Amino acid sequence: MGYLHLPGLGKAHFHEYGTGGKPLLAFHGYGMTGKQFHVLEQSIIPQYHIYGFDHFFHGESRLDGWTEQQILTGMPKAMVRNYMEEWFELYGRQRFSVMGYSIGANIALILVEEYADLIDEVILMAPDGLAVFKGFHFILHNKLGRGIFRTATKSKWLAPFIIKSLKKLRFIDESLYTIAYNEIDTEQKRLDTYYTLNLIRLLKPDVKHIAQQINQHKIKCLLIFGKHDQLFPKSAAMPFLGMLDNAEVHEVELGHWLVTKALDEYLVK
């Protein structure tokens, strides 16, 4: 494990694991850490040397001197390049692969956008960033939605009430309800959610350009979706998938909670 000191941003903590020799930079989902992919011990672990990064407001990554207003404005997309440039400083400029699950896919995709000529493989699991998710767009980019999000963060009862109402109205299923509720049941968790989603609000990959780069450089692509995922389903990603010349796509009998032992066993088979 170690840290990347990202200029103008802070310290990005990463975990190292895997028994393979190929470098893979990995970005986890909300509420987890860079160790999340350790569960893929039969499928991914033997092939790669993984550098699993903690998102800010997760694990041991820390912003350096950012005010609340800066956080709410969002991290500029150009800062994603700092991850690779600082990683190259430590390990030398070389070819690498990227992996992202859920919100972590945004950073993985932006790295493809910026460094396609150096990337061997892209692995995306239940990825955010391939299409606009209306719920996130409302609370992060709509004035009314941002106000509701802020109010719910400060309230002890409003966030749980909203989550329960969404479940009752069947906008989310039991698995998404469980994931969401476990992340807003304390004041600190609500604040971390609020800051995390606002910090990454500007990290929107240019999917058309990324698809062109993947095709041009013949980057190997593996995309995995949960058949019962109501957050980032395969159907939302179809326009992007249609732009790729040759991608390996799987839809498995799981929900959004995808990085599991069951997925590891599926990938091995």
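Okay, so let's go over this structure. Within each chain, residues carry numbers counting from 1 in the order of the written sequence. Where local features are concerned, this predicted model is filtered to residues with pLDDT of at least 70; where side-chain atom pairs are given and counted, the filter is 80 or more; whole-chain, interface and lining totals use all residues. Computation of side-chain values covers all heavy atoms of the structure but excludes hydrogens and water.

Looking at the overall build of the protein
What counts here: Helix and strand assignments come from DSSP, with helices taken as H or I runs of at least 4 residues and strands as E runs of at least 2, each series counted from the N terminus. Within these notes, the globule rule equals 2.2 Å times the number of residues to the 0.38 power, and the radius of gyration is based on C-alpha atoms. Exposed residues in this analysis have more than 50% of their type's maximum accessible area, buried residues have under 20%, and partly exposed residues fall in between, with area computed by a 1.4 Å probe over protein chains only. Using the Shrake-Rupley algorithm and a 1.4 Å probe, accessible areas are obtained, with residue cover drawn only from the displayed protein chains. In this tally, Asp and Glu contribute negative charge and Lys and Arg positive charge; neither His nor the terminal groups of the chain are included. Here the site of a charge means NZ on Lys, CZ on Arg, CG on Asp, or CD on Glu.
Each helix and strand in the protein was counted, giving 11 helices and nine strands. The C-alpha radius of gyration computed for the protein amounts to 18 Å, which stays within 12% of the reference 18 Å derived for 269 residues, consistent with globular compactness. With the principal axes as the frame, the protein shows a C-alpha extent of 50 × 45 × 30 Å. A burial count over the protein gives 52% of its 269 residues as buried. Here the protein displays about 12,800 Å² of accessible surface, and carbon together with sulfur accounts for 55% of that area. Across the protein, 29 positive and 29 negative side-chain charges occur, with their mean positions spaced 7 Å apart.

Details of the packing of aromatic side chains
In this description, an aromatic ring pair is defined by two values, namely the gap between the centres and the angle between the planes. Our working rule: When the centres of two rings from Phe, Tyr and Trp lie within 6.5 Å, Trp using its six-membered ring, the rings pair. Their planes under 30 degrees apart give stacked, over 60 give edge-to-face, and anything left gives tilted. Charges are assigned to positions over rings by a cutoff of 6 Å between ring centre and Lys NZ or Arg CZ, combined with an angular limit of 35 degrees from the ring normal.
Taken as a whole and assessed by the stated rule, the structure comprises 17 aromatic pairs. Here Phe-88 and Tyr-115 contribute two aromatic rings whose centre-to-centre distance is 5.9 Å and whose plane-to-plane angle is 75°, an arrangement assigned as edge-to-face. Here Phe-88 is found in helix α2 (residues 80–91), whereas its partner Tyr-115 is found in helix α3 (residues 105–115), with 27 residues between them in sequence. Both residues of the pair, Phe-88 and Tyr-115, count as buried. A network of ring pairs unites the aromatic residues Phe-14, Phe-27, Tyr-51, Phe-53, Tyr-83, Trp-87, Phe-88, Tyr-91, Phe-96 and Tyr-115 as a single cluster. Across the ring face of Tyr-3, the terminal group of Lys-11 is positioned such that the distance to the ring centre comes to 4.5 Å.

Some points on the environment of Val-98
If you trace the backbone, Val-98 turns up in strand β6 (residues 96–101). Residue class for Val-98 comes out buried when judged on its relative accessible area of 0%. Sequence separation between Val-98 and Ala-108 is 10 residues, and the spatial gap between their C-alpha atoms is 5.7 Å.

Some words on a nonpolar patch on the surface
Our working rule: Residues enter patches when they are more than 30% accessible in relative terms and free of salt bridges; like-charged ones are connected within 9 Å and nonpolar ones (Val, Leu, Ile, Met, Phe, Trp, Tyr) within 5 Å. Any Lys or Arg side-chain nitrogen located within 4 Å of an Asp or Glu carboxyl oxygen qualifies as a salt bridge.
The grouping of Phe-138, Leu-144 and Ile-148 at the surface amounts to a nonpolar patch, some 260 Å² of accessible area in total. Relative to the helices and strands, Leu-144 resides in helix α5 (residues 143–154). Its relative accessible area of 55% is what places Leu-144 among the exposed residues.

Things to note about the packing of α3 against helix α9 (residues 207–216)
Applicable threshold: Axis lines are fitted to C-alpha atoms, over the contacting stretch for helices. Their N-to-C directions set the angle, which ranges from 0 to 180 degrees. Each angle gets one of four labels, with under 35 degrees taken as roughly parallel, over 145 as roughly antiparallel, 65 to 115 as roughly perpendicular, and the rest as oblique. Each crossing gets its hand from how the near helix is turned against the far one by less than a right angle, where anticlockwise is left-handed and clockwise is right-handed. Contact definition: two residues touch when any of their heavy atoms are within 4.5 Å.
It is at 9 Å that the axes of α3 and α9 come closest, and there the two elements cross at 60°. Between α3 and α9, the angle falls in the class oblique. Helix-helix and strand crossings are classified by hand; for α3 and α9 the assignment is left-handed. Contacts from Leu-109, Val-112 and Glu-113 in α3 reach His-209, Ile-210, Gln-213 and Ile-214 in α9.

Concerning the pairing of strand β8 (residues 220–226)
Applicable threshold: What makes two strands pair is DSSP finding at least two bridges between them. When the strands point away from the viewer, a crossover counts as right-handed if the path from the first strand over the helix to the second runs clockwise.
Among the seven residues that make up β8, six are buried, leaving the element largely enclosed by the rest of the structure. The sheet contact formed by strand β7 (residues 119–125) and β8 spans five bridges and is parallel. Among the inter-strand pairings, Glu-121 is bridged to a residue of β8, identified as Lys-220. Traced from β8 through helix α10 (residues 234–243) to strand β9 (residues 248–252), the parallel crossover comes out right-handed.

Quick word on the pattern of salt bridges
Working definition: two side chains of opposite charge can pair if their charged atoms are close together. Within the structure shown, the criterion is met by eight salt bridges. With its nearest N and O atoms 3.0 Å apart, the salt bridge here joins Glu-113 to Lys-77. One end of the pair, Glu-113, is in helix α3; the other, Lys-77, is in the loop between α1 (68–73) and α2, and 36 residues separate them in sequence. Using a relative accessible area of 24% as the deciding quantity, one classes Lys-77 as partly exposed. Here Arg-81 ties to Glu-114 by a salt bridge, and the two come within 3.0 Å at their closest N and O atoms. With a gap of 33 residues between them, Arg-81 in helix α2 and Glu-114 in helix α3 connect regions that are remote in the sequence. For Arg-81, a relative accessible area of 31% puts it in the partly exposed group.

Topic: the nonpolar core
We count it as follows: For our purposes a nonpolar core is just a set of buried Ala, Val, Leu, Ile, Met, Phe, Trp, Tyr and Cys residues, chained together by side-chain atoms within 4.5 Å.
Counting residues in hydrophobic clusters, the biggest one holds 59 residues, and the most contacted among them are Phe-53, Met-75, Tyr-83, Phe-96, Leu-223 and Phe-240. A total of eight residues in this core trace back to one element, the largest contributor, which is α3. The residues touching Phe-53, leaving out its near neighbours within four places in the chain, are Leu-4, Ala-12, His-13, Phe-14, Leu-25, Ala-26, Phe-27, His-28, Gly-34 and Tyr-83. Core analysis: the second largest hydrophobic core is formed by 21 residues, Ile-45, Tyr-48, Ile-224 and Leu-254 among them.

Brief notes about unusual backbone geometry
Excluding glycine, residues mostly have negative phi values, and the peptide bonds linking residues are mostly trans. Unlike most non-glycine residues, Phe-57 shows phi in positive territory, near 70°. If you trace the backbone, Phe-57 turns up in the loop between β4 (48–53) and β5 (62–63). With a relative accessible area of 25%, Phe-57 lands in the partly exposed category. The phi dihedral of Lys-218 is positive, around 50°, even though this residue is not glycine.

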